[in-house]
2 protein chains.
Amino acid sequence: MINIAVLGYGVVGSGVVEVIGHNHEEVSRKAGEEVRVRYILDLRDFPGDPYEDRIIHDFNTILNDPEIAIVCEVMGGTGAAYQFTRQLLEAGKSVCTSNKELVAKHGAEFLELAAARHCNYMFEASVGGGIPIIRSVNTALTAEKIESVTAILNGTTNYILTRMAGEGADYGQALKQAQELGYAERNPEADVEGYDACRKLAILSSLIKGKNVDAGQIYTEGITGITGADFEYARMEGLVIKQLAIGKMEEDGSVLAMVAPFLLSEEHPLAAVNDVFNAVLVTGNMLGDVIFYGRGAGKLPTASAVVADVIDCAKHRGKNVICIWDREAAKAADVTDTKRRFFLRAKADTRKAVEETFAGGKSITLPGVENEFGFFTRELEEKDFDAKCKSMGDAVLNRIRLL
Amino acid sequence: MINIAVLGYGVVGSGVVEVIGHNHEEVSRKAGEEVRVRYILDLRDFPGDPYEDRIIHDFNTILNDPEIAIVCEVMGGTGAAYQFTRQLLEAGKSVCTSNKELVAKHGAEFLELAAARHCNYMFEASVGGGIPIIRSVNTALTAEKIESVTAILNGTTNYILTRMAGEGADYGQALKQAQELGYAERNPEADVEGYDACRKLAILSSLIKGKNVDAGQIYTEGITGITGADFEYARMEGLVIKQLAIGKMEEDGSVLAMVAPFLLSEEHPLAAVNDVFNAVLVTGNMLGDVIFYGRGAGKLPTASAVVADVIDCAKHRGKNVICIWDREAAKAADVTDTKRRFFLRAKADTRKAVEETFAGGKSITLPGVENEFGFFTRELEEKDFDAKCKSMGDAVLNRIRLL
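The paragraphs below set out a description of the structure included in this document. (Residues numbered from 1 in each chain as written. Chains lettered and ligands numbered in written order. Predicted model: local features only at pLDDT ≥ 70, side-chain atom pairs only at ≥ 80, totals over all residues. Heavy atoms only, no water.)

Comments concerning the overall build of chain A
Within chain A, the secondary structure is distributed over 14 helices and 18 strands. Overall, chain A is about 75 × 50 × 35 Å in size when its C-alpha atoms are taken along their principal axes. Counted over contacts in chain A with a minimum sequence separation of 6, partners at least 24 positions apart contribute 72%. Surface exposure of chain A reaches about 15,700 Å², of which carbon and sulfur atoms provide 47%. Taken as two groups, the 44 positive and 58 negative side-chain charges of chain A have centres that lie 2 Å from each other. (Helix = DSSP H or I, 4+ residues; strand = E, 2+ residues; numbered from the N terminus. Contact = heavy atoms within 4.5 Å. Areas by Shrake-Rupley, 256 points an atom, 1.4 Å probe, with all protein chains shown as cover. Lys, Arg positive; Asp, Glu negative; His and termini not counted. Charge placed at Lys NZ, Arg CZ, Asp CG, Glu CD.)

Okay, here's the thing in structure tokens:
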């Protein structure tokens, strides 16, 4: 019998209990022993809940129970969750989490601690929900030198951009739709400003590099500046707009990590990833491209990933599973040094200046639109592009990178 | 230091040596120790080859070397490969293989033997080349009750169908192109008749069910009967034709497994999988759909998967990793009992008879084509459909299932 504890009886926590209850036979068979939820820690009571008798309010009950070897931390935040996780790992108990904020911030520290205490810190659910991307990077694509990861890691922004592309909704309408459907929170900042994707990218890039990629150093740009007009120009050129998280392992050992909206060809495999779906394209030096696609969020897919971690911990009791993510900081590449093409929209009367400043690019106009035009530059360094935009005062209305 | 042996210095065997050589640092770091190829068993000599000094001709050298704990069987076939694998596992040496024929036939037997001898039999490369689908089913999607797998598992047939769809090539032209590019063998039977996909589906279905799904009992139909005309009707209706391998875990405990060409909507995620790419769509009861996509064959992607297995074996020396695939036969569901819609082409003068026999369906005609027509039936049992077709003598020219 494997007794586990669940910290936090919110959306993911109740999902964990549900997955273990509903798939009890499969879970126990894969774990090699029966898996049972002994404690659910929450500040609240849940009168009438089928698991009412497991609800406790004192963390020490879990910490001091020698029969609890695996704990799911699904409470979120970096306060109590940090303290609890440290104490559990120090006591040699494995921790499985969906808390991406905590993993991005303290993953290296917890992995080091788990290795020293012969237990495990696992976080499959922290990136891509139910898509097994963490385990694939850690245990499947191990013979590869992974060169880059290009991913749609935030379902909310992907939903909003899909609506804007398909129905010509403007950003505000699409956000409202997302909120009505429960895909976006009332305060959507973490999603639409790219912070959520940034944390997930920090985790993925750290695992690929084996060193710590600090989320605070990742260039992060949200989707709030994208307009319906941008989509009209994109469509004319066979392009789509997606919010991408990109982690590139550079030849010089540095990591180029960024989260931003990008224009990409309709033929690109990520272009077809719509609505709340996530996808991760991993490029390895032997494999070429592999793509993982699925629901990046949601109660049950996320809980399923947490429970898969529980099973893995059960199969490795007393044994630390190698996971290379050192505390040493990875060298960050400077985004402004990278070269790429850009799209910009500018006021109609600046067309001559834009075409001169960005010689070698291409203007396009929308039928019936006379006060502005679109322009695709040739390949330029970001800092060069920035300087040129700045030199033209307020001529440039919006700008989006091309993949 | 982890010393390994490679059985067979053909395409995959030389790929394994190349991956370990080229990604030596990554491979050794992930394995926790340096990985080195000590022996390469082949009947031939390779004068001038950089690994010439590792080539041996006597299998017993490997079997009797106590420092060899991991062996890659990449020689293919079910004769010597079977004997060698048995002897190695009996001696407690782990075996990693790309030999899908052997895995499909003896997987359950070898897994049982490996468990008894505290070593491992791993076969990530046997399905989907470099796509980590075996490991995902075994170690990542473990909290799921997997309901079905729908997959494009053969790159050769997918390439041929892609050419037929895109350029209107007929089957013979497309096959010739595939042969010229090295995607199809001179004798293409194993690919175009579906046998290769059938073996891979047997492996995947066995792992999902946990019982043995015999390849010989899987309904298997090739693509040789698909014509350019079929694609023209498909296009008119927004459909594509793909060779699919489907494994469905039925409510009654049986497994419905089949390999056949299917018509599916252009909007279906597998419709966009083109050329030699493979993709596996797994449907779980908690996760919903997850898709894995990548190169399903090729020297380096396949070798990368074999080496990932070597690393996993290195991390689990003396410990068997749970892999549930019992020797007990899974109950096979009867394909003729399943219900679906069908497309058929028939001679023009039988239109009235077809429309009467398959009442509730829909005829379509191609502009300028007068000697035949297409017809989509309503949902029918396969055996009912078969009987109705038979009742009309030689009226029906071709028939394809709808997904």
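Brief notes about the relation of the copies chain A and chain B
Note on the chain copies: they are related by a rotation about an axis and a translation along it. Overlaying chain A with chain B gives an RMSD of 0.0 Å, the required rotation being 180° about an axis along which the chain moves by 0.0 Å. Given the turn and translation reported, the copies of this chain are related as if by a two-fold rotation axis. Considering only C-alpha atoms, the part of chain A nearest the rotation axis is A:Phe292, at 2.5 Å. Mapped onto chain B, 100% of the interface residues of chain A are again interface residues, and the two copies thus contact each other with one and the same surface. (Least-squares fit on C-alpha atoms with pLDDT ≥ 70 in both.)

Observations regarding the sheet that holds strand β5 (residues 94–97) of chain A
The 6 strands are arranged β3-β2-β1-β4-β5-β6 (chain A) in an open sheet whose pairing can be described as parallel. The two strands at the open ends of the sheet, each matched to only one other strand, are β3 (55–56) and β6 (121–122) of chain A. (Pairing = 2+ DSSP bridges.)

Some details on the packing of helix α6 (residues 133–140) of chain A against helix α10 (residues 195–209) of chain A
Residues and elements named next belong to chain A. Following both chains from N to C, one finds α6 and α10 inclined at 5°, their axes separated by 10 Å at the closest point. Of the possible angle classes, the one that applies to α6 and α10 is roughly parallel. Along its contact with α6, which presents Ile133, Ile134, Val137 and Asn138, the element α10 presents Ile203, Leu204, Leu207 and Ile208. Residue composition of the contact of α6 with α10, grouped by class: 7 nonpolar, 1 polar and no charged. (Axes fitted to C-alpha atoms, helices over the stretch in contact; angles between N-to-C directions. Parallel < 35°, antiparallel > 145°, perpendicular 65-115°, else oblique. Nonpolar A, V, L, I, M, F, W, Y, C, P; charged D, E, K, R; others polar.)

Overview of the interface of chain A and chain B
Facing the 45 residues of chain A at the interface are 45 residues of chain B. Between chain A and chain B, a total of about 4,000 Å² is buried, with carbon and sulfur atoms accounting for 59% of that surface. For the side of chain A that touches chain B, the secondary structure elements donating two or more residues are α1 (11–22), α2 (24–31), α6, β12 (288–295) and α12 (299–315) of chain A. Residue composition of the side of chain A that touches chain B, by class: 21 nonpolar, 13 polar and 11 charged. Summarising the sheet, β12(A) and strand β12 (residues 288–295) of chain B pair through 5 bridges and their orientation is antiparallel. Residue A:Tyr293 lies in a different strand from β12(B), and its bridge partner there is B:Ile291. (Buried area = accessible area lost by both parts, 1.4 Å probe.)

A word on the sheet that holds strand β3 (residues 55–56) of chain B
All names here are of chain B. A sheet is described by the order of its strands in space; here 6 strands give the open sequence β3-β2-β1-β4-β5-β6, paired in parallel fashion. The sheet terminates laterally at β3 and β6 (121–122), the two strands that pair on one side only. In terms of strand pairing, strand β5 (residues 94–97) meets β6 through 2 bridges, oriented parallel. Considered in β6, the bridge of cysteine 96 is made with methionine 122.

A look at the side chain of B:Asp191
Residues and elements named next belong to chain B. Tracing the backbone shows aspartate 191 in helix α9 (residues 189–192). As a buried residue without a salt bridge, aspartate 191 has its nearest oppositely charged side chain in lysine 200, at a separation of 6.3 Å. Leaving out residues up to four positions away in the same chain, aspartate 191 has contacts with Asn154, Thr156, Thr157 and Asp196. (Buried < 20%, exposed > 50% of the residue type's maximum accessible area, 1.4 Å probe, protein only. Salt bridge = Lys/Arg side-chain N within 4 Å of Asp/Glu carboxyl O.)

Structural notes on the packing of aromatic side chains
Scanning the entire structure with this criterion turns up 27 aromatic pairs over all chains. Geometrically, the ring pair formed by A:Tyr121 and A:Phe123 is tilted, given 5.7 Å between the ring centres and 50° between the ring planes. Taken individually, A:Tyr121 and A:Phe123 each receive the classification buried, so the pair is uniform in this respect. Joined through ring pairs, the aromatic side chains of A:Tyr82, A:Phe110, A:Tyr121, A:Phe123 and A:Trp325 make up one cluster. Lying across the ring of B:Phe373, B:Arg351 places its NZ or CZ 5.6 Å from the centre. (Phe/Tyr/Trp six-rings, centres within 6.5 Å; stacked < 30°, edge-to-face > 60°. Lys NZ or Arg CZ within 6 Å of the ring centre and 35° of its normal.)

Observations regarding the environment of B:Ile40
Residue and element names in this part refer to chain B. In this fold, isoleucine 40 is placed in strand β2 (residues 35–41). Judged by its relative accessible area of 0%, isoleucine 40 falls in the buried class. Between the alpha carbons of isoleucine 40 and glycine 13 there is a distance of 8.3 Å; along the sequence they are 27 residues apart. Those residues within four positions of isoleucine 40 in sequence are excluded, and the remaining contacts are Val6, Tyr9, Val17, Tyr51, Arg54, Ile55 and Ile56.

Side note on the pattern of salt bridges
All names here are of chain A. This model, assessed by the stated rule, comprises 66 salt bridges over all chains. For arginine 54, the salt bridge is made with aspartate 53, and the minimal N-O distance between the two is 3.5 Å. A relative accessible area of 16% means that arginine 54 is categorised as buried. Between lysine 362 and glutamate 237 there is a salt bridge, and its shortest N-O distance comes to 2.7 Å.

So, the environment of B:Gln243
Residues and elements named next belong to chain B. Tracing the backbone shows glutamine 243 in strand β9 (residues 239–249). For the pair glutamine 243 and alanine 260, spaced 17 residues apart in the sequence, the C-alpha separation amounts to 5.5 Å. Residue contacts for glutamine 243: discarding those within four places in its chain leaves Ala151, Ile152, Thr157, Leu161, Gly194, Glu221, Gly222, Ile223, Val259, Ala260 and Pro261. From its side chain, glutamine 243 meets the backbone oxygen of glutamate 221 in a polar contact 3.1 Å long. (Polar contact = N/O pair within 3.5 Å; in protein donor to acceptor, adjacent residues only side chain to side chain.)

Comments concerning unusual backbone geometry
In this model, B:His118 sits at a positive phi of 55°, which is unusual for a non-glycine residue. Tracing the chain through its elements places B:His118 in the loop between α5 (100–116) and β6.

Here's the deal with helix α11 (residues 228–236) of chain B
Within α11(B), burial applies to B:Asp230, B:Phe231, B:Tyr233 and B:Ala234. Down the axis, α11(B) shows its buried residues gathered within 160° of arc, on one side only. (Arc of directions from axis to C-beta.)

Quick notes on the pairing of strand β16 (residues 372–376) of chain B
All names here are of chain B. Most of β16 is tucked away: 5 of the 5 residues are buried. Alternating residues of β16 divide into Glu372, Gly374 and Phe376 and Phe373 and Phe375, and every residue in both groups is buried. Across 5 bridges, strand β14 (residues 342–347) lies against β16 in antiparallel orientation. Across the sheet, the residue bridging to lysine 347 is glutamate 372, located in β16. Taken together, the 3 bridges between strand β15 (residues 362–364) and β16 define a ladder with antiparallel strand orientation. Looking at β16, one finds that isoleucine 364 is bridged to glycine 374.

Looking at the packing of helix α2 (residues 24–31) of chain B against helix α12 (residues 299–315) of chain B
Residue and element names in this part refer to chain B. Running from N to C, α2 and α12 point in directions that differ by 30°, and their axes come no closer than 8 Å. Our classification of the angle between α2 and α12 gives roughly parallel. Of the residues in α12, those touching α2 at Val27, Lys30 and Ala31 are Val307, Ile311, Ala314 and Lys315. Considering only residue class, the contact of α2 with α12 consists of 5 nonpolar, no polar and 2 charged.

Such coordinate-based values are descriptive only and should not be taken to indicate function.
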